[in-house]
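Each chain is listed here by its residues.
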Amino acid sequence: MSSQADPSWCQATLEDKAVTTFRWVIYNFNNHLEKGTEKLESTCFNVNGPGDLKTKWRLYLYPKGIAENNEDYIAVYLLNKGQVKVMAKDTFEILDCAGNGRKRSKSTPVEYEALYSSRGKSKWFKRDGLKDHPDLLPEGNLTIQCTVTIFGPQKTLSGLDFSTNSNLLVHCQKQVG
C-alpha cells in the first residue's frame, strides 16, 4: 500500500535590494600619464540598504590596462570597502555628450568579501575606441556611470499547501507544460 504525501512547495528569493548610481568624471582623460598598470581611484560612495545595511565602495580605472598584455584596453573595477560580505551586481557604462549610456557592461550577482574585494572588467573597451567615438570624451572628459545593486539575505519560503502561493503553482504549471 502506497501513501501519497501532501503537496508542498519551496522558493528561494533575493527580493530585498538597494540600488545606487555613481558618476565619476575624469577630466582631461587623454592627458593622464599613468604608466602600464597604474590606476585612477574614484572617491568613495555609499549604498544604503537593503534594510539597515550600509556599504562603502570605490571604482578603480586602469587607463592602460590592469596587466601588461592588456595595455590597449581600459579596465574598470568595483571595490568593496565595507566591513561586511555582500551579494552585489554592477553595471558600468560611459556617458556620451548627451548623457546617454554607452559601452555598457553588466555583471551577474556575485559575493564580495568584506574589505577590499573587487570585481571588474580587465578588457572593458579598447583605448582606440575613444578616438573613433569623440562623443564619449566631451571636452576631453570621460564620464563613467556605475550602478550597484546590493541584495539582502536570501529568503527561503515554503509551505504545505499550494493555495497559499498560487503564483508558484501557475509558474510550475507553465514550466511543466
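First, a word on scope: everything that follows refers to the structure included in this document. Bear in mind that the values here come from a model prediction, so they are computed numbers and not experimental data.

### Regarding the packing of aromatic side chains
For step 1, the next point in the chain: Applying the stated criterion across every chain yields a total of 5 aromatic pairs.
For step 2, the next point in the chain: Ring centres of Phe 22 and Phe 45 lie 4.2 Å apart, and the angle between their planes is 10°; this geometry places the pair in the stacked category. In this pair, Phe 22 is assigned in strand E2 (residues 17-26) and Phe 45 in strand E4 (residues 45-48), connecting sequence segments 23 residues apart.
For step 3, the next point in the chain: With a relative accessible area of 12%, Phe 22 lands in the buried category.
For step 4, the next point in the chain: Exposure remark for Phe 45: the relative accessible area of 7% places this residue in the buried category.
For step 5, the next point in the chain: With a centroid separation of 6.0 Å and an interplanar angle of 85°, the aromatic rings of Tyr 62 and Tyr 77 are classed as edge-to-face. In this pair, Tyr 62 is assigned in strand E5 (residues 54-62) and Tyr 77 in strand E6 (residues 73-80), connecting sequence segments 15 residues apart. One exposure class covers both Tyr 62 and Tyr 77, and it is buried.
For step 6, the next point in the chain: Three or more aromatic residues joined by ring pairs make a cluster, and in this case those are Phe 92, Trp 124 and Phe 125.
For step 7, the next point in the chain: For the cation-ring pair, Lys 39 lies above Tyr 60, with the distance from its terminal atom to the ring centre recorded as 4.7 Å.
For step 8, the next point in the chain: Taking the ring centre of Tyr 112 as reference, the NZ or CZ of Arg 119 above it sits at 5.6 Å.

### Description of the nonpolar core
Within soluble globular proteins, side chains that are nonpolar tend to cluster in buried spots.
For step 1, the next point in the chain: Ranked by internal contacts, the top residues of the largest apolar core, which has 29 residues, are Trp 57, Leu 59, Leu 61, Leu 78, Trp 124 and Leu 142.
For step 2, the next point in the chain: Taken together, the elements giving at least two residues each to this core come down to E2, E4, E5, E6, strand E7 (86-95), strand E10 (117-126) and strand E11 (142-151).
For step 3, the next point in the chain: A per-element tally of this core places E11 first, with 5 residues.

Quick notes on the rules
Residues numbered from 1 in each chain as written. Predicted model: local features only at pLDDT ≥ 70, side-chain atom pairs only at ≥ 80, totals over all residues. Heavy atoms only, no water. Phe/Tyr/Trp six-rings, centres within 6.5 Å; stacked < 30°, edge-to-face > 60°. Helix = DSSP H or I, 4+ residues; strand = E, 2+ residues; numbered from the N terminus. Buried < 20%, exposed > 50% of the residue type's maximum accessible area, 1.4 Å probe, protein only. Lys NZ or Arg CZ within 6 Å of the ring centre and 35° of its normal. Core = buried A, V, L, I, M, F, W, Y, C linked by side-chain atoms within 4.5 Å.

Function cannot be inferred from these measures alone, as they are strictly geometric.
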